Amino acid sequence: MGNAYRTNLIQRVLDESESNTWNEAVLEWVIDDCEEDNSLQSSCICGKEELRYLFTIRNVRNGNTLFPIGSSCIKKFDRDDLNEEVSIQEKLFKLFHAIEDGNFITLSPEFFSRKLLKYLYEEGVFQANEYNNNEPEIDYEFMLKMFNKRDKESITPNQQRKINAIIMTSIRPYLVEQLVNKIL
């Protein structure tokens, strides 16, 4: 990150924070939302141009918000929780586009992570149905087990059908509901 971008970021964050030091100010912020700009026409609060992912962050102490802020600037906050959330949000958009484009989706790190699967489970994405004995946790644990397989070639045709069914009947509707209006 160029020095001017970093200086702009620090100044904007400090201006909107209660704390007067960077190390304290970064602790005041949470990610509120994320949008995607496929045209890359947006610029970060630091001045960097051509952002794809536009985050809104909110100060929990005073309610101030900053938008748009790019993922590389959020990473400058040096907070694992924010970095995880950035990664999850970006993977959600990538997965959504791959599904909508009709791509064959595998449980690979390209589209999934353990944290993303846990996020989807915590968001209630895995639905209770007759195939999982009305226990969504069964689908979550199955997807996690399949993701954790080192040899993806060992996934049987029946397991792949189940993966595809979960993606199309649980994950895809969630992504459509959550993201379709967040793509600029």
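Rules used throughout
Going along each chain's sequence as written, the residues are numbered from 1 onward. Where local features are concerned, this predicted model is filtered to residues with pLDDT of at least 70; where side-chain atom pairs are given and counted, the filter is 80 or more; whole-chain, interface and lining totals use all residues. To obtain the side-chain values, all non-hydrogen atoms of the structure were included, while hydrogens and water were left out. Salt-bridge detection follows one rule: a side-chain nitrogen of Lys or Arg within 4 Å of a carboxyl oxygen of Asp or Glu. Only DSSP runs of H or I reaching four residues or more are called helices, and only runs of E reaching two or more are called strands; each is numbered from the N terminus. The classification of residues rests on relative accessible area computed with a 1.4 Å probe and restricted to protein chains. Under 20% of the type maximum is buried, over 50% is exposed, and intermediate values are partly exposed. Lines are fitted to the C-alpha atoms to define the axes, a helix being fitted only along its stretch in contact, and any angle between axes, read from their N-to-C directions, falls within 0 to 180 degrees. Roughly parallel means an angle under 35 degrees; roughly antiparallel means over 145; roughly perpendicular covers 65 to 115; every other angle is labelled oblique. Left-handed is the label given to a crossing in which the near helix is rotated counterclockwise from the far helix by less than a right angle, and right-handed is the label when the rotation is clockwise. Here a residue-residue contact requires only that any non-hydrogen atoms of the pair lie within 4.5 Å. Put simply, Ala, Val, Leu, Ile, Met, Phe, Trp, Tyr, Cys and Pro go in the nonpolar bin, Asp, Glu, Lys and Arg in the charged bin, and everything else, Gly too, in the polar bin.

Brief notes about the pattern of salt bridges
Counted according to the given criterion, the structure contains eight salt bridges. Of the charged contacts in the structure, one is a salt bridge between Asp 32 and Arg 58, with a shortest N-O distance of 3.1 Å. Of this pair, Asp 32 sits in strand S1 (residues 29-36) while Arg 58 sits in strand S2 (residues 53-59); the two residues are 26 residues apart in sequence, bridging distant segments of the chain. According to the relative accessible area criterion, Asp 32 is partly exposed, its value standing at 40%. For Arg 58, a relative accessible area of 29% translates into the label partly exposed. Notably, a salt bridge pairs Lys 115 with Glu 84, separated by 3.0 Å at the nearest N-O pair. In this pair, Lys 115 is assigned in helix H5 (residues 114-122) and Glu 84 in helix H4 (residues 80-100), connecting sequence segments 31 residues apart. The class of Lys 115 is partly exposed, set by a relative accessible area of 46%.

Considering the packing of helix H6 (residues 136-148) against helix H7 (residues 157-179)
Closest axis-to-axis distance for the H6/H7 pair is 11 Å, and the angle between their directions is 125 degrees. One finds that H6 runs oblique with respect to H7. Relative to H7, the crossing made by H6 is left-handed. Contact residues: H6 offers Asp 139, Phe 142, Met 143 and Met 146, while H7 offers Gln 159, Lys 162, Ile 163, Ile 166, Ile 167 and Ile 171. For the contact of H6 with H7, the class distribution of residues is seven nonpolar, one polar and two charged.

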